[in-house]
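What the coordinates show
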Amino acid sequence: MSVLTLASDPQDATALEGAEAHHARLAGELAGRVKMLLTAVDRDPRAAEKIHAGLVAFCDRSLLPHAAAEEAVLYPAAHGMPEARLLIESLIGEHRCLTRLVDALRAAPSPAGAAADARALQVLFEEHVAKENGLVLPLLAMTPEVCLAELLADMHRRLASDVPAAGAQGDQNIKEGQDMQEQIEETGGCGGVCACGGTEETAEPELDVREVPHALRHATVFGALDAVPAGTAMVLVAPHDPLPLLAQIEQRSPGTFSVEYLERGPETWRLRLSHR
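Notes on the structure in this doc start here. Every chain is numbered on its own, with residues counted from 1 as its sequence reads. Where local features are concerned, this predicted model is filtered to residues with pLDDT of at least 70; where side-chain atom pairs are given and counted, the filter is 80 or more; whole-chain, interface and lining totals use all residues. Note: side-chain values were computed over all heavy atoms of the structure, leaving out hydrogens and water.

Quick look at the pattern of salt bridges now. Salt bridges are counted wherever a side-chain nitrogen of Lys or Arg sits within 4 Å of a carboxyl oxygen of Asp or Glu. Counting across every chain of the model gives 12 salt bridges. As a salt-bridge pair, R61 and E29 come within 3.4 Å of each other at their nearest N and O atoms. Here the residue R61 occupies a position in helix α3 (residues 45-79), and E29 occupies one in helix α2 (residues 10-43), the gap between them amounting to 32 residues. On the accessibility criterion, R61 (8% relative accessible area) is buried. Only protein chains enter the area calculation, which uses a 1.4 Å probe; residues under 20% of their type maximum are buried, those over 50% are exposed, and those in between are partly exposed. Look at E29 and you get buried, because its relative accessible area is 4%. Of the charged contacts in the structure, one is a salt bridge between R270 and E206, with a shortest N-O distance of 2.9 Å. Residue R270 is found in strand β4 (residues 269-275), and its partner E206 is found in strand β1 (residues 206-208); the two are separated by 64 residues along the sequence. Its relative accessible area of 11% is what places R270 among the buried residues. Among the residues examined, E206 registers a relative accessible area of 29% and is labelled partly exposed. Residues participating in the shared-partner salt-bridge network are E29, R33, R61, D226 and R252. Note on conventions: DSSP H or I runs of at least 4 residues are helices, E runs of at least 2 residues are strands, and numbering of each starts at the N terminus.

Laid out in structure tokens, this is it:
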């Protein structure tokens, strides 16, 4: 079944797709940051402290404002529908759990102490947005009396009004809503961001995206890269030569990361991405 058949009009169909993509970016960035924290706790405690702080800042900047905007705009519209009332009340309860987990992350005395809460936060958020994508958003999109596009526009206005305060957090901002799906031709070369030639294995934290759902893959890498402190690196493991991804990384953070191929297929590509 296509998205168009689930929506009352094409405008809401487009809005539904945009909301799902936004959820994918949030879930992906969270997954990348959590992965980097879990790996750094054992390998580099000093880096783990910075990653821990960045994770909390991301939650304060993006996850919690997103939840608040949903409760102010989306949830009241769905709560008025008898078939969705109990679901919405359950989702509000999950927002409270997300907030408590973020508070626990903030209060953790060390990155090691935050690891379990970080993983729990990731799992809960992924399950939470799956319910929103599969149940709440389609219901709103299918209801002729509700304009999902207008609701989401209101949410975006609320989030945009929080951007200046969020910027003061000092952490790099993922520009929410920006579509970075620009492709480059996979005919050799690496888009000007590669420092090829290395073959040795490294001890840096490793992010294997082969098992990450495709919709979350690039956002997961972006989140992981945001958690890499300057002067350090991570190793990316991919099922193919990630040339489009490398182009997006360079577009997003010009000159910030150098790329060194450690393995070039045919089934696995391994790349070291160093934060200059």
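To continue, consider the pairing of strand β3 (residues 257-264). Strand pairing is assigned whenever DSSP identifies at least 2 bridges connecting the two strands. Relative to β4, β3 runs antiparallel, the two sharing 7 bridges. By the bridge assignment, Y261 is partnered in β4 with L271. In this antiparallel pair of consecutive strands, β3 and β4, the connection spans 4 residues, and G265 shows a positive phi of 70°.

This part takes up the packing of α2 against helix α6 (residues 148-161). Fitted lines through C-alpha atoms serve as axes, helices being fitted only where they are in contact, and the angles separating the N-to-C directions of these axes extend from 0 to 180 degrees. Between α2 and α6, whose axes approach to 8 Å, the crossing angle comes to 40°. The angle between the axes of α2 and α6 places the two elements in the oblique class. Between α2 and α6, the contacting residues are Q11, D12, A15, L16 and A19 on the first element and L148, A149 and L152 on the second. Roughly parallel here means an angle under 35 degrees, roughly antiparallel means over 145, roughly perpendicular means 65 to 115, and every remaining angle is called oblique. Contacts are assigned to residue pairs that have any heavy atoms within 4.5 Å of one another.

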